[in-house]
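Each chain is listed here by its residues.
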Amino acid sequence: MDTQIKASQNGSNGNKNNQASITGRIGSIEDGDFHYATSEATGVTTPVFNLDVALNPPKQEGTTRVPQTQWFKAAILGPLAEAMANVLQTGMLVTLSGHASYRSWPALKDGEPITYTDEKSSETKPAYQTAANLVVDAITYHASDGLYYQASEKFGEVAYAVVAPPDSIQKANIVLRGTAQNIQMTKATETSQARLNFSVSEQYTNFSGTPATRRHKVTMWGDQAILAHAEMQEGDRITVLGQFSPNSYTDRQGIFQQGFNITARVLDNHGQKQQAAKVAAPQAEQPALAVTAQPAPKARAAKTSQALAQV
């Protein structure tokens, strides 16, 4: 995993369950990418610096591995955004650490809300449009003095620390902590590996200070998927380590959506560990059974004494 991923508090929204890190090159920075936004919920005005970051991970095509470009959207907020607006440049190799976030709002067509009929309940519901990005907490970059710095916001101010050069390998890694939901297993065939699809439901506190839930779709492949499926149940607390990539598509209602594809490499099932501990605990805590010795023939007296001593 990327060494930039740490189990520390992410951002001002109190989210500790989701850490992500992207190492790539900054795309073209345009006028308007840095601006001030006012929250309708709180009325607070916040500096925002939006970035597009390109990765070129290799993709297997036949017997060769060729680069493919993936574009991630990232958002820097607050004093860190103001500080980085004069530092970051197009084409710069950076490592952005933060958390994966999703923003949804009612979808409109010709100014009118788009609705759809729910297949299960037959109810008419409003459709939503979703955008995904990385909310940045720390940035590692190559400064004009030749040194590498990591900039982060601490107590409302931007702190800088000299760090070792980042790994030049471009990658996007993520750690998710939450509960397992919507578990679906597809068995292996002659032409494809076994595939496990599930969601990680993550509890966090949003910017207005109220509890909220964020769901991430995750995929596992091969033998790891088979082992994970054998142990995982709905509602288990899990930690997922893996890679993530941008995913844009048009849904059934014709609405353009942006999300993340997350491919798990490692899954730690805390729910099963907790269940195993609960099952084992009563056995360990049971009081010793009272044993009353019955009169026994003299020939068995020694064996009976030994047995009672072992109980």
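Residues numbered from 1 in each chain as written. Predicted model: local features only at pLDDT ≥ 70, side-chain atom pairs only at ≥ 80, totals over all residues. Heavy atoms only, no water.

**Some remarks on the overall build of the protein chain**
Within the protein chain, the regular secondary structure consists of four helices and 19 strands. Per-residue burial for the protein chain yields a buried fraction of 35% across its 311 residues. Partitioning the intrachain contacts of the protein chain with sequence separation of at least 6 by distance along the chain shows that 63% fall at a separation of at least 24. Approximately 19,000 Å² of the protein chain is accessible, and the part contributed by carbon and sulfur atoms is 50%. (Helix = DSSP H or I, 4+ residues; strand = E, 2+ residues; numbered from the N terminus. Buried < 20%, exposed > 50% of the residue type's maximum accessible area, 1.4 Å probe, protein only. Contact = heavy atoms within 4.5 Å. Areas by Shrake-Rupley, 256 points an atom, 1.4 Å probe, with all protein chains shown as cover.)

**Observations concerning the side chain of Asp251**
Relative to the helices and strands, Asp251 is located in the loop between strand E18 (237-250) and strand E19 (256-269). Buried Asp251, no salt bridge; nearest opposite-charge side chain is Arg252, N-O distance 8.3 Å. Looking at Asp251, its side chain comes within polar contact range of the main-chain nitrogen of Gln253, at 3.0 Å. (Lys, Arg positive; Asp, Glu negative; His and termini not counted. Salt bridge = Lys/Arg side-chain N within 4 Å of Asp/Glu carboxyl O. Polar contact = N/O pair within 3.5 Å; in protein donor to acceptor, adjacent residues only side chain to side chain.)

**Digging into the confidence of the model for the protein chain**
Per-residue confidence for the protein chain gives a mean pLDDT of 83, with 82% of residues at or over 70. When the criterion is pLDDT under 50, residues 1-14 qualifies, and its contacts beyond four places in sequence or with other chains add up to 44 contacts. Here residues 286-311 is a poorly scored stretch, pLDDT under 50, and it has five contacts once near neighbours within four places are set aside; other chains count. (pLDDT = per-residue confidence, 0-100.)

**A word on the layout of surface pockets**
Size it by volume and the second largest pocket reaches roughly 1,300 Å³. Taken together, 34 residues form the lining of the second largest pocket, with Thr130, Ser199, Arg215, Lys217 and Tyr249 sitting closest to its centre. If you list the elements that add at least two residues to the lining of the second largest pocket, you get strand E7 (93-106), strand E10 (115-117), strand E12 (128-142), strand E15 (171-186), strand E16 (195-205), strand E17 (211-221), E18 and E19. It is E19 that provides the largest number of residues to the lining of the second largest pocket, a total of seven residues. (1 Å grid on protein atoms, 1.4 Å probe; cavity = no way out; pocket = protein on both sides within 12 Å on 5 of 7 lines; lining within 4 Å. Points joined across faces, edges and corners; volume = space filled by probe spheres on them.)

**Overview of the environment of Thr189**
Assignment of secondary structure puts Thr189 in the loop between E15 and E16. A relative accessible area of 46% places Thr189 in the partly exposed class. Reaching out from Thr189, the side chain makes a polar contact with the side chain of Ser192 at a distance of 2.7 Å.

**A word on the nonpolar core**
Ile76, Met84, Leu88, Ile139, Tyr141, Phe198 and Phe244 are the most contacted members of the largest nonpolar core, which has 46 residues in total. Setting aside chain neighbours within four positions, we find Phe244 in contact with Ala20, Ser21, Ile22, Phe72, Ala172, Asn173, Ile174, Phe260, Asn261 and Ile262. (Core = buried A, V, L, I, M, F, W, Y, C linked by side-chain atoms within 4.5 Å.)

**Re helix H2 (residues 222-231)**
For H2, the full list of buried residues reads Gly222, Ala225 and Ala228. Looking straight down H2, one finds that the buried residues subtend no more than 95 degrees of arc, so they occupy a single side. Exposed residues on H2 whose side chains face more than 90 degrees from its buried face are Asp223, Leu227 and Ala230. (Arc of directions from axis to C-beta.)

**Side note on the side chain of Thr219**
Take Thr219: it is sitting in strand E17. Since its relative accessible area comes to 18%, Thr219 is described here as buried. Aside from chain neighbours lying at most four places away, what touches Thr219 is Arg195, Leu196, Asn197, Ile262, Thr263 and Ala264.

**Notes on the pattern of salt bridges**
A side chain with one charge may pair with a side chain of the opposite charge, provided their charged atoms come close. Under the counting rule described, the total for this entry stands at four salt bridges. A salt bridge links Asp118 to Lys125; the nearest nitrogen and oxygen atoms lie 3.5 Å apart. In this structure, the salt-bridge partner of Arg252 is Glu119, at a minimum N-O distance of 3.0 Å. Placement of Arg252 in the loop between E18 and E19 and of Glu119 in the loop between E10 and strand E11 (124-126) is noted, with a sequence separation of 133 residues between them. In this pair, the class of Arg252 matches that of Glu119, namely exposed.

**A look at the packing of aromatic side chains**
Summed over the entire model, instances satisfying the criterion amount to seven aromatic pairs. Arranged with centres 5.3 Å apart and planes meeting at 70 degrees, the rings of Phe72 and Phe244 form a pair that is edge-to-face. Of this pair, Phe72 sits in strand E6 (residues 70-77) while Phe244 sits in strand E18; the two residues are 172 residues apart in sequence, bridging distant segments of the chain. Note on Phe72: relative accessible area 1%, which makes it buried. Here a set of aromatic residues connected by ring pairs shows up, and it is made of Phe72, Tyr102, Phe244 and Phe260. Between the NZ or CZ atom of Arg214 and the centre of the ring of Tyr204, over which it lies, the distance is 3.8 Å. (Phe/Tyr/Trp six-rings, centres within 6.5 Å; stacked < 30°, edge-to-face > 60°. Lys NZ or Arg CZ within 6 Å of the ring centre and 35° of its normal.)

**Concerning the pairing of strand E2 (residues 34-38)**
Each regular strand displays side chains that alternate between the two surfaces of the sheet. Sheet topology places E2 next to strand E3 (residues 45-55); five bridges connect them, and they run antiparallel. Residue pairing across strands places His35 opposite Val48, the latter belonging to E3. (Pairing = 2+ DSSP bridges.)

**Things to note about the pairing of E17**
Sheet topology places E16 next to E17; eleven bridges connect them, and they run antiparallel. Looking at E17, one finds that Asn197 is bridged to Thr219. For E17 and E19, the ladder comprises two bridges, and the chain directions are parallel. From the neighbouring strand, Thr219 faces E19, where its bridge partner is Thr263.

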